[in-house]
Amino acid sequence: IFNPWSDGTNRFRTATQGMQTYKEMIRLAEDDSKAAERLRIFDYRDYEEFYNCRADPDNLHNLINVPEYSEEIEKLRQELERWMERTGDHMLAVFRDRNNREAASSYVQAKQAESDARRRKKKNKRSRQH
């Protein structure tokens, strides 16, 4: 899994965060260090992730830096890159230069600024209509 926006400060946003399950995760995290770590993983993700889903079905142990998986991880990176090429993924250049975390962060910030501008424009348009 490649999360180019993940830099330890950007929080993943999703509609599910308004749901009862997420709210319960927050509540549990107050007193439970394991729940707090799971919430951290959910909210901030790691830049790259690789899990052994058979041995770790909850995907709690990121194996991206474990040497014994390096060949498999590299094969999957190549497969992801080919898929990104086929689908015209706008993050392809970031993925290819994924070791340049500063460039990835700059790209993500620029995309976020574009999104924020579209959201503001849409909100302003709705305000003028009422």
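Keep in mind that this is a model prediction, so the values were computed, not measured.

1. Comments concerning unusual backbone geometry
Okay, step 1: Of note, the phi angle at Arg45 is positive, near 50°, even though the residue is not glycine.
Okay, step 2: With respect to the element layout, Arg45 can be found in the loop between helix 2 (33-44) and helix 3 (70-87).
Okay, step 3: Although it is not a glycine, Asn59 adopts a positive phi angle of roughly 50°.
Okay, step 4: With respect to the secondary-structure elements, Asn59 resides in the loop between helix 2 and helix 3.

2. Topic: helix 5 (residues 101-129)
Okay, step 1: In this model, helix 5 (29 residues) spans 42 Å end to end at C-alpha, consistent with the 42 Å of a helix rising 1.5 Å per residue.
Okay, step 2: Every buried residue belonging to helix 5 is among Ala104, Ser105, Val108 and Ser115, and all of these are buried.
Okay, step 3: Those residues of helix 5 hidden inside the fold are in contact with helix 4 (92-96).

3. Here's the deal with the packing of aromatic side chains
Centre distance and the angle of the planes are the two values used to describe a pair of aromatic rings.
Okay, step 1: Taken as a whole and judged by the stated rule, the model has six aromatic pairs.
Okay, step 2: Geometrically, the ring pair formed by Trp5 and Phe12 is stacked, given 5.4 Å between the ring centres and 20° between the ring planes.
Okay, step 3: Between Phe50 and Tyr69, the ring centres sit 5.5 Å apart and the planes meet at 50°, which makes this aromatic pair tilted. Here Tyr69 lies in the loop between helix 2 and helix 3 and Phe50 lies in the loop between helix 2 and helix 3, a separation of 19 residues in the sequence.
Okay, step 4: The exposure class assigned to Tyr69 is buried, which follows from its relative accessible area of 17%.
Okay, step 5: Members of the aromatic cluster, each reached through a chain of ring pairs, are Trp5, Phe12, Tyr22 and Phe42.
Okay, step 6: Between Arg98 and the ring centre of Phe95, over which it is positioned, the NZ or CZ distance is 4.3 Å.
Okay, step 7: For Arg101, the ring lying beneath its charged end belongs to Tyr47, and the centroid distance is 3.6 Å.

4. Remarks on the pattern of salt bridges
Okay, step 1: The full count for this structure, using the stated rule, is eleven salt bridges.
Okay, step 2: A salt bridge links Arg98 to Glu48, with the shortest nitrogen-to-oxygen separation between them at 3.8 Å. Note that Arg98 is positioned in the loop between helix 4 and helix 5 and Glu48 in the loop between helix 2 and helix 3, a separation of 50 residues in sequence.
Okay, step 3: A relative accessible area of 14% means that Glu48 is categorised as buried.

Parameters at a glance
Residues numbered from 1 in each chain as written. Predicted model: local features only at pLDDT ≥ 70, side-chain atom pairs only at ≥ 80, totals over all residues. Heavy atoms only, no water. Helix = DSSP H or I, 4+ residues; strand = E, 2+ residues; numbered from the N terminus. Expected span 1.5 Å × (residues − 1). Buried < 20%, exposed > 50% of the residue type's maximum accessible area, 1.4 Å probe, protein only. Contact = heavy atoms within 4.5 Å. Phe/Tyr/Trp six-rings, centres within 6.5 Å; stacked < 30°, edge-to-face > 60°. Lys NZ or Arg CZ within 6 Å of the ring centre and 35° of its normal. Salt bridge = Lys/Arg side-chain N within 4 Å of Asp/Glu carboxyl O.

Everything listed is a geometric property; what it means functionally is a separate question.
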